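A closer look at the structure
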Amino acid sequence: MNLDSINKWLTLIANIGVVVGLIVLIFEIQESNRQAISNTNIARFSDIESSMREFALSDHLPGIYVTFETTGLSGLEAEDVARLREWELARIVRMEGQFVQYHDGYLPEAGYRQMLIRAKESALLWKSLGIRSSNPEFRKALEIDDDA
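Description of the structure in this document. Being a predicted model, the structure only gives us computed values, none of them experimental.

**Points about the overall build of the protein chain**
Tallying secondary structure elements over the protein chain gives five helices and zero strands in all. Listed by position from the N terminus, the elements making up the protein chain come as α-α-α-α-α. For the protein chain, whose C-alpha radius of gyration is 26 Å, the value lies well above the compact-globule estimate of 15 Å for 148 residues. Reported as C-alpha extents along the three principal axes, the dimensions of the protein chain are approximately 95 × 35 × 25 Å. Counting the 148 residues in the protein chain, one finds 25% classified as buried. Of the contacts formed within the protein chain by residues at least 6 apart in sequence, a portion of 60% connects residues at least 24 apart. Here the protein chain holds 15 positive side-chain charges and 22 negative ones, and the gap between their average locations is 3 Å.

**Observations concerning the nonpolar core**
Of all hydrophobic cores here, the largest spans 22 residues; its most connected members are Leu84, Tyr112, Met115, Ala119, Trp126 and Phe138. Contributing elements (two or more residues each) for this core: helix 2 (61-71), helix 3 (78-103), helix 4 (109-129) and helix 5 (136-143). By residue number, the principal contributor to this core is helix 4, which donates seven residues. Setting aside residues no more than four positions away along its own chain, Phe138 makes contact with Met95, Glu96, Phe99, Met115, Ala119 and Ser133.

**Regarding the side chain of Arg94**
Along the polypeptide, Arg94 turns up in helix 3. For the buried Arg94, no salt bridge exists, and the shortest N-O distance to an oppositely charged side chain is 4.3 Å, to Asp47. Excluding residues that lie within four positions of it along the chain, Arg94 makes contacts with Asp47, Ser51 and Trp87.

**Some words on the pattern of salt bridges**
Applying the stated criterion across every chain yields a total of seven salt bridges. Arg34 is the salt-bridge partner of Glu31, the closest N and O atoms lying 2.6 Å from each other. On the criterion of helical spacing, the pair formed by Glu31 and Arg34 is a turn pair, its members being three residues apart in helix 1 (residues 3-57). Close ionic contact of Arg83 with Asp80 constitutes a salt bridge, the shortest N to O distance being 3.3 Å. One end of the pair, Arg83, and the other, Asp80, are both in helix 3, three residues apart, so they sit about a helical turn from each other.

**A closer look at the packing of helix 1 against helix 3**
At a closest axis distance of 11 Å, the pairing of helix 1 and helix 3 adopts a crossing angle of 170°. With respect to each other, helix 1 and helix 3 are oriented roughly antiparallel. Of helix 3, the residues touching helix 1 (which contributes Thr40, Arg44, Asp47, Ile48, Ser51, Glu54 and Phe55) are Trp87, Arg94, Gln98 and Gln101. Class assignment for the residues of the contact of helix 1 with helix 3 results in three nonpolar, four polar and four charged.

**Details of helix 5**
For helix 5, the full list of buried residues reads Phe138, Ala141 and Leu142. All buried residues of helix 5 lie within an arc of 100° about the axis, which places them on one face of the element. Exposed residues on helix 5 whose side chains face more than 90 degrees from its buried face are Glu137, Lys140 and Glu143. Each element contacted by the buried residues of helix 5 is listed here: helix 3 and helix 4.

The rules behind each value
- Residues numbered from 1 in each chain as written.
- Predicted model: local features only at pLDDT ≥ 70, side-chain atom pairs only at ≥ 80, totals over all residues.
- Heavy atoms only, no water.
- Helix = DSSP H or I, 4+ residues; strand = E, 2+ residues; numbered from the N terminus.
- Rg over C-alpha atoms; globule rule 2.2 N^0.38 Å.
- Buried < 20%, exposed > 50% of the residue type's maximum accessible area, 1.4 Å probe, protein only.
- Contact = heavy atoms within 4.5 Å.
- Lys, Arg positive; Asp, Glu negative; His and termini not counted.
- Charge placed at Lys NZ, Arg CZ, Asp CG, Glu CD.
- Core = buried A, V, L, I, M, F, W, Y, C linked by side-chain atoms within 4.5 Å.
- Salt bridge = Lys/Arg side-chain N within 4 Å of Asp/Glu carboxyl O.
- Axes fitted to C-alpha atoms, helices over the stretch in contact; angles between N-to-C directions.
- Parallel < 35°, antiparallel > 145°, perpendicular 65-115°, else oblique.
- Nonpolar A, V, L, I, M, F, W, Y, C, P; charged D, E, K, R; others polar.
- Arc of directions from axis to C-beta.

So this is what it looks like as structure tokens:
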């Protein structure tokens, strides 16, 4: 075997090694993306569950919503309106986070659609409280009536 033949074989082996390395890298990137999406979903569900528990255990919020649903804002004391406003602002922030996660590719379509439906259902309440999202793209998504 001459030196030229050895070089050709070494080049072929090196190229095969590069291709195998690229294939492994592709699988590692896909796995990393799956883990990032999974972590985002876990954090989302944990955040939702935590806020639902906080609401259920609150001394004030369930009563505020019952009063609001039966008499509207006029039936609430100023302190309760303030509580309701801050609670709903926190909901907006959570939903904005999900909106951003979806547009960054980390939240599945079904989770995004579910959040958007809930946000559209809450939009009238937010308007009556004089609050809104600080994210113009999120506000625009709420205005589009596409049977989310």
